[in-house]
Amino acid sequence: MKRAKITGIGHYVPEHVVTNADLEKLMDTTDEWIINRTGIKERRHADNKTGASDLGVIASENAMKMAGVKPEDIDLIIFATVSSDYYFPGAAVLIQKKMSMKNIGAFDVRAACSGFVYGLSIADQFIRAGMNENILLIGAEVQTVALKFDTEHRDLSILFGDGAGAVIVQPSNNSSGILSTHLHSQGEHAKSLWMPAPGSHFHPWISHEIIDNELHLPVMNGKEVFKHAIVRFPEVIQEALDTNNLSLEDVALIIPHQANYRISQAVARRMGIGMDKMYSNIHKYGNTTAASIPIAMSEAYAEGRFSEGDYVILAAFGSGFTWASAAIRW
Ligand code: UT7
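Residues numbered from 1 in each chain as written. Predicted model: local features only at pLDDT ≥ 70, side-chain atom pairs only at ≥ 80, totals over all residues. Heavy atoms only, no water.

## As for the packing of helix α8 (residues 222–243) against helix α9 (residues 261–271)
Remark: α8 packs on α9, axes separated minimally by 9 Å, with the N-to-C direction vectors making an angle of 50°. Classified by the angle their axes make, α8 and α9 are oblique. Where α8 crosses over α9, the handedness of that crossing is right-handed. Side by side, α8 and α9 meet where F226, A229, I230, V231, F233, P234, I237 and Q238 of the first sit next to R262, I263, A266, V267, R270 and M271 of the second. Partitioning the contact of α8 with α9 into residue classes produces 11 nonpolar, one polar and two charged. (Axes fitted to C-alpha atoms, helices over the stretch in contact; angles between N-to-C directions. Helix = DSSP H or I, 4+ residues; strand = E, 2+ residues; numbered from the N terminus. Parallel < 35°, antiparallel > 145°, perpendicular 65-115°, else oblique. Left-handed = near helix turned anticlockwise from the far one by under 90°. Contact = heavy atoms within 4.5 Å. Nonpolar A, V, L, I, M, F, W, Y, C, P; charged D, E, K, R; others polar.)

## Brief notes about the pattern of salt bridges
As enumerated under the stated definition, the model contains nine salt bridges in all. One salt bridge in this structure joins R128 and D124, with 3.1 Å as the shortest N-O distance. With R128 and D124 both in helix α5 (residues 115–128) and four residues apart, the pair spans about one turn of that helix. Residue R128 is classed as partly exposed on the basis of its relative accessible area of 23%. The exposure class of D124 is buried, given its relative accessible area of 2%. For E299, the salt bridge is made with K284, and the minimal N-O distance between the two is 3.0 Å. Of this pair, E299 sits in helix α11 (residues 292–302) while K284 sits in helix α10 (residues 282–285), and the two are 15 residues apart along the sequence. For E299, a relative accessible area of 9% corresponds to the buried category. (Salt bridge = Lys/Arg side-chain N within 4 Å of Asp/Glu carboxyl O. Buried < 20%, exposed > 50% of the residue type's maximum accessible area, 1.4 Å probe, protein only.)

## With respect to a nonpolar patch on the surface
Nonpolar side chains collect at one region of the surface, where Y87, F88, W205, I206 and I211 lie side by side and expose about 530 Å² of accessible area between them. Within the secondary structure, W205 is located in the loop between β9 (193–194) and α7 (208–212). (Patch = residues over 30% accessible without salt bridge, like charges linked within 9 Å, V, L, I, M, F, W, Y side chains within 5 Å. Areas by Shrake-Rupley, 256 points an atom, 1.4 Å probe, with all protein chains shown as cover.)

## Observations regarding the nonpolar core
The biggest cluster of nonpolar side chains holds 41 residues, and the ones touching the most others in it are I237, I254, I263 and I313. Taken together, the elements giving at least two residues each to this core come down to α8, β11 (251–256), α9, β12 (311–318) and β13 (322–329). The greatest single-element share of this core, amounting to nine residues, is contributed by α8. Two domains each provide a minimum of three residues to this core, namely domain 1 (4–173) and domain 2 (178–329). Once residues within four sequence positions are removed from consideration, I313 is found in contact with I237, A240, L241, V251, L253, I254, I255, A326 and A327. (Core = buried A, V, L, I, M, F, W, Y, C linked by side-chain atoms within 4.5 Å. Domains from an automatic or database assignment.)

Have a look at this one:
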């Protein structure tokens, strides 16, 4: 069975930078608090004409350029997001239309912060099974539209940002590529980070009452998410290492979901590694949910943090809870 390989990576973030000082004007918070608790200095906000698929198109163009593939070559689109342009259909079909791709399969993955690694696992299986040869996988979010920028909602509005990353996945012609993926979930924690409405739990699923009670906004138990994240990240990274008989010394770089710099620090401490092995760009973009790993991977590659032959581990944790990892030989 042929391995699958990432042959192109690209990303795109909106131009509008929102600094901690900008947020200080809107809510009771400080630059010092945000940096100390999260490591975030600024994030990007999309303008009011931009949806997740619009960011996804530019990230996809960049990934396709690197892989040397054209829109007509793509034979499957997987779009990881919690902020699809419309409630349905998903954002993947909007990419198919906007990029004039053939009438190929296109679907969304709603595994929140783990969405990109879940999507990569799907792409890996489809390539290995011989079903596809040129898969476009996107992680993109315009989620700041679901935030409120006031003191009551400051726990979430300081944390999240908008952005997009994309990869091209093709069959590998040697032993490099995606070595393994591991996916996990624990639905008993679904309400630790969630956005209840609109949804089929409610009849009708959107109403003035839902809006008055702010059930259409995300809610997070930050401490609960933190507590589980610092256990699940090391666990799923170790699972990737063990499956491939690798040690941490063999790995060039771990690219974790950019949830909070303090989470990455705690994971590094628990695993006995330095932050030099744990990629971080959260200071620039905040938490971009499904987009954070492909944006980080794209920047880490451009910075020369890994190259041909290197082992790289991707690791994610987030709403669900879901968590996942991928081991890659570049
Ligand atoms: O992809 C997964 C997504 N989510 C995460 O990874 C989130 C994980 N959790 C976290 O990152 C952290 O829990 C937060 C950054 C969200 C919060 O940090 P914390 O250290 O857990 O703070 P806290 O919620 O315990 O709040 C401590 C204090 C509270 O005040 P009191 O009750 O001690 O007087 C909060 O009201 O800090 C206050 N606070 C703030 N103060 C200034 C909460 N948010 C802010 C803020 N600015 N933005």
